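Each chain, written out:
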Amino acid sequence: MEKTKQLYEGKAKKVFATTDENLYIVDYKDDATAFNGLKKGTIAGKGEINNRVTNHLMRMLETKGIPTHYVKELSPRETLVKKVTIVPLEVIVRNIAAGSLAKRLGLPEGTKLNSTVLEFCYKNDELGDPMINDSHILAMGFATEAEIALIREYALKINDILSEYLRDLGIELIDFKLEFGKTADGTIVLADEISPDTCRFWDTKTGEKLDKDRFRRDLGGVEDAYHEILRRLLGE
């Protein structure tokens, strides 16, 4: 399998076409951004860690009945994935109030929510990824009612699986962002990544942040936090 041309470069990844029209290669970068690209920097080793953590979690989710775009890890930084058309939604699942939810609702960060919150945002950097609801999604033609229901079902199931798995490793899953895509035959699959870039991970005992919030908030120890997640999940 060989790269043919670069199709896309985002804030955290590059995507390449391959000699197989149904497969892409994702190349993870060390670049770090926050606040829709207003803050920029580099986190040494981030690309490799996010790639390997994502693949580890996607392989695990596949065994639990969650279809994903994952095919094969090619190197510490590159992964072969199924070609998908991304549904332009950020699907955010929240278990504990933090970040924008805490600010928006005036909740102290760390407040345990009475039930899991699921939010949809329109994936559009220029508009600041505004929050939308099912009616907007249908009106804009982003997904059908059946597809919205399936995405919601998958997101909540992923939350249950990951929360239990991570808690056994001393990690509390505070909240996280998912993206989904459609394969050529219209199948909805989990895409993008699951990593310290897209999740809030707190140590269950100390509450220490083990994710990109350390970069967003200038807390220091960013590389150490990412490596700690790799150590707990993959034993390295």
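See the structure above.
The text that follows walks through the structure, step by step, so that each part is easy to find. None of these values were measured; they are calculated from a predicted model.

Calculation notes
Residues numbered from 1 in each chain as written. Predicted model: local features only at pLDDT ≥ 70, side-chain atom pairs only at ≥ 80, totals over all residues. Heavy atoms only, no water. Phe/Tyr/Trp six-rings, centres within 6.5 Å; stacked < 30°, edge-to-face > 60°. Helix = DSSP H or I, 4+ residues; strand = E, 2+ residues; numbered from the N terminus. Buried < 20%, exposed > 50% of the residue type's maximum accessible area, 1.4 Å probe, protein only. Lys NZ or Arg CZ within 6 Å of the ring centre and 35° of its normal. Core = buried A, V, L, I, M, F, W, Y, C linked by side-chain atoms within 4.5 Å. Contact = heavy atoms within 4.5 Å. Axes fitted to C-alpha atoms, helices over the stretch in contact; angles between N-to-C directions. Parallel < 35°, antiparallel > 145°, perpendicular 65-115°, else oblique. Left-handed = near helix turned anticlockwise from the far one by under 90°. Nonpolar A, V, L, I, M, F, W, Y, C, P; charged D, E, K, R; others polar. Pairing = 2+ DSSP bridges.

**Quick notes on the packing of aromatic side chains**
Enumeration according to the criterion identifies 2 aromatic pairs in this entry. Aromatic side chains Y122 and F142 sit 4.9 Å apart centroid to centroid with 25 degrees between the ring planes, which places their arrangement in the stacked category. Taken together, the residues span a long stretch of sequence, with Y122 in strand β10 (residues 112–122) and F142 in the loop between α3 (134–140) and α4 (145–167) at a distance of 20 residues. Taking relative accessible area as the criterion, F142 reaches 14% and is therefore assigned buried. Judged by centre distance (6.4 Å) and plane angle (20 degrees), the rings of Y154 and F180 are stacked. Here the residue Y154 occupies a position in helix α4, and F180 occupies one in strand β12 (residues 171–182), the gap between them amounting to 26 residues. One residue, K3, lies across the ring of F16, its end atom 4.1 Å from the ring centre.

**Side note on the nonpolar core**
Ranked by size, the top nonpolar core spans 47 residues in total, and within it I158, L162, L178, F180 and L190 carry the most contacts. Once you skip the residues sitting within four places of it in the chain, L162 turns out to touch L57, M60, L61, L173 and I194. Counting 5 residues, the second largest nonpolar core, distinct from the first, contains V15, Y24, V26 and Y28.

**Some remarks on the packing of helix α1 (residues 46–63) against helix α6 (residues 222–234)**
In contact at an axis separation of 10 Å, α1 and α6 are set at 30 degrees when each is read in the N-to-C sense. Our classification of the angle between α1 and α6 gives roughly parallel. For the element pair α1 and α6, the recorded crossing hand is left-handed. Residues K46, I49, N50, R52, V53, H56 and L57 of α1 form the contact with α6, whose participating residues are Y226, H227, I229, L230, L233 and L234. Tallied by class, residues from the contact of α1 with α6 come to 8 nonpolar, 3 polar and 2 charged.

**As for the environment of I25**
Checked against the element boundaries, I25 lands in strand β3 (residues 23–28). I25 sits 156 residues away from G181 along the chain, and the two C-alpha atoms are 15 Å apart.

**So, the pairing of strand β2 (residues 13–18)**
Taking burial as the measure, the 6 residues of β2 include 5 buried ones, the bulk of the element. Examined bridge by bridge, strand β1 (residues 3–9) and β2 share 4 bridges and lie antiparallel to one another. The partner of K3 across the bridge, within β2, is T18. What sits between the antiparallel neighbours β1 and β2 is a turn of 3 residues. Note that β2 and β3 share 5 bridges and pair antiparallel. The residue bridging V15 from the neighbouring strand is V26, located in β3. Between β2 and β3, which follow one another and run antiparallel, lie 4 residues.

**A short note on the pairing of strand β14 (residues 199–203)**
The element β14 is largely enclosed, with a buried count of 5 among its 5 residues. Because side chains alternate across β14, one face comprises the buried residues C199, F201 and D203, and the other comprises R200 and W202, equally buried. Relative to β14, β12 is paired through 5 bridges, and the arrangement is antiparallel. Bridging across to β14, D175 finds its partner in R200.

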